[in-house]
Amino acid sequence: MKKEVLKIAIQKSGRLNEKSLELLKECGISINNGGKLISSSTNFPLEVFYLRDDDIPQYVAEGVADIGMLGENEVLEKDQKVEVIAKLDFSKCRLSLAVRREENYTDLSWFRGKKIATSYPLILKKFLREEAIDAEVETIGGSVEIAPGIGLSDGIFDIVSTGSTLLANGLKEVEVVLQSQAVLIGNPNLLSEKRSIVEKLLFRIQAAKSAKRNKYILLNAPNKNLDAIINLLPGMRSPTVMPLAEEGWSSLHSVIGEDDFWEVIDQLKDRGAEGILVCPIEKMIV
Ligand code: PRT
Ligand code: ZN
């Protein structure tokens, strides 16, 4: 019987391409000569299709590809029959409404009767409908941020990341409509053999994601303060504690959230922790 191969669509070039390939690499998947239209993995039943992100939802819905990696914003805009299997924690951005800096913006009702330029008409129209705002939507392919400046529209609805594009074009962000990040989507009718490959891939993705969010921490602590320090560092089950050669001291190993580390560092020092090492984790199976 022919062995099933899972077909994944990723962006050919652009903001998502590198990160998508990097994630596959972190999952231990080696890809042959990337960059062509199709390439295959040497050590995982996976074939990679390189496409424009706009086309990925349709290809996945039609079963040309089984799964795909792209921005949630594009998935919502294309509104195809696909399911979101996992959030991937990269390419985070938001879709926002923005107006000229000098406008006296009060609230959403400002947009009544106004013209808004966007490359995301479906998401915008849905939002305006829900908020009962009657505004005109002007669909344009790109460079949305210049539309108010050239008199094409009163406001824009576009992707914002740092906000510097808005700033450079004399605009201010007034409403955040949607938060977005890269997601893994799938055809809803995958056969069980392909589903089990997706499960395997997901397991690896979760391990890579958890590893990124956490750090391995090692420190030396006086035995009398061990309980207090352990309370700050609960780890995966509980920290590992080993005696140091020096009497009355122990070495403690644990796992800590990247975001939590800076929160507890002062408390660790207050409790006598010394020689604190924080190291990256490559894979984490919880
Ligand atoms: O060629 P193809 O169609 O495949 O690519 P594309 O040009 O449609 O997409 P691309 O590569 O620009 O972006 C792919 C995805 O990256 C988007 O769909 C988002 O999900 C995500 N993403 C994350 C972003 C940004 N951050 C981003 N900052 N996409 C676009 N931008 C642009 C935005 O359009 C605006 O012009 O960057 C500008 C805003 O950035 P700041 O930092 O100035 O606010
Ligand atoms: Zn695109």
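Keep in mind that this is a model prediction, so the values were computed, not measured.

**Considerations on the domain arrangement of the protein**
Thinking step 1. Under the domain assignment, the protein is made up of domain 1 (6-90 + 182-190), domain 2 (93-180) and domain 3 (214-280).
Thinking step 2. Taken over C-alpha atoms, the centre of domain 1 sits 29 Å from the centre of domain 2.
Thinking step 3. Facing the seven residues of domain 1 at the interface are 10 residues of domain 2.
Thinking step 4. Taken over both partners, the interface formed by domain 1 and domain 2 buries close to 660 Å², and the fraction arising from carbon and sulfur atoms is 55%.
Thinking step 5. On the surface where domain 1 and domain 2 come into contact, there are zero salt bridges.
Thinking step 6. Sorting elements by how many residues they give to the side of domain 1 that touches domain 2 places helix α3 (residues 72-78) first, with five residues.

**Details of the sheet that holds strand β15 (residues 274-280)**
Thinking step 1. With antiparallel pairing, the four strands of this open sheet are ordered in space as β13-β14-β12-β15. Edge positions in the open sheet fall to β13 (240-243) and β15, since each of these has one partner strand only. With direction set aside, neighbouring strand axes in the sheet form an average angle of 20 degrees.
Thinking step 2. Taken together, the five bridges between strand β12 (residues 214-222) and β15 define a ladder with antiparallel strand orientation. In the sheet register, Tyr216 faces β15, and the bridge partner there is Cys279.
Thinking step 3. Lying over the sheet, helix α6 (residues 192-213) contacts β12 and β14 (249-257), oriented at roughly 45 degrees with respect to β12.
Thinking step 4. Across the face of the sheet, helix α8 (residues 258-270) comes into contact with β12, β14 and β15 while running at roughly 150 degrees to β14.

**A short note on the pairing of strand β11 (residues 182-186)**
Thinking step 1. Counting buried positions along β11 yields five of five residues, so the element is predominantly enclosed.
Thinking step 2. Of the two faces of β11, the one lined by Ala182, Leu184 and Gly186 and the one lined by Val183 and Ile185 are each fully buried.
Thinking step 3. Pairing between strand β4 (residues 67-71) and β11: five bridges, direction antiparallel. Opposite Met69, over in β11, you have Leu184 as the bridge partner.
Thinking step 4. Here four bridges tie strand β5 (residues 83-87) to β11, and the two strands are oriented antiparallel to one another. Directly across from Ala86, in β11, lies its bridge partner Leu184.

**A closer look at the packing of helix α1 (residues 17-26) against α6**
Thinking step 1. Relative to each other, α1 and α6 sit at 100 degrees, their axes nearing to 9 Å. Here α6 runs roughly perpendicular to α1, going by the angle between their axes. Note on element contacts: α6 touches α1 through Leu201, Ile205, Ala208 and Lys212, opposite Glu22, Leu23, Leu24 and Glu26.
Thinking step 2. Grouping the constituent residues of the contact of α1 with α6 by class yields five nonpolar, no polar and three charged.

**Looking at the side chain of Lys209**
Thinking step 1. Following the sequence through the fold, Lys209 ends up in helix α6.
Thinking step 2. No salt bridge forms around the buried Lys209; measuring N to O, its nearest opposite-charge neighbour Asp89 is 4.5 Å away.
Thinking step 3. If near-sequence neighbours (up to four positions away) are discounted, Lys209 is found in contact with Lys87, Leu88 and Asp89.

Criteria and thresholds
Residues numbered from 1 in each chain as written. Chains lettered and ligands numbered in written order. Predicted model: local features only at pLDDT ≥ 70, side-chain atom pairs only at ≥ 80, totals over all residues. Heavy atoms only, no water. Domains from an automatic or database assignment. Contact = heavy atoms within 4.5 Å. Buried area = accessible area lost by both parts, 1.4 Å probe. Salt bridge = Lys/Arg side-chain N within 4 Å of Asp/Glu carboxyl O. Helix = DSSP H or I, 4+ residues; strand = E, 2+ residues; numbered from the N terminus. Pairing = 2+ DSSP bridges. Axes fitted to C-alpha atoms, helices over the stretch in contact; angles between N-to-C directions. Buried < 20%, exposed > 50% of the residue type's maximum accessible area, 1.4 Å probe, protein only. Parallel < 35°, antiparallel > 145°, perpendicular 65-115°, else oblique. Nonpolar A, V, L, I, M, F, W, Y, C, P; charged D, E, K, R; others polar. Lys, Arg positive; Asp, Glu negative; His and termini not counted.

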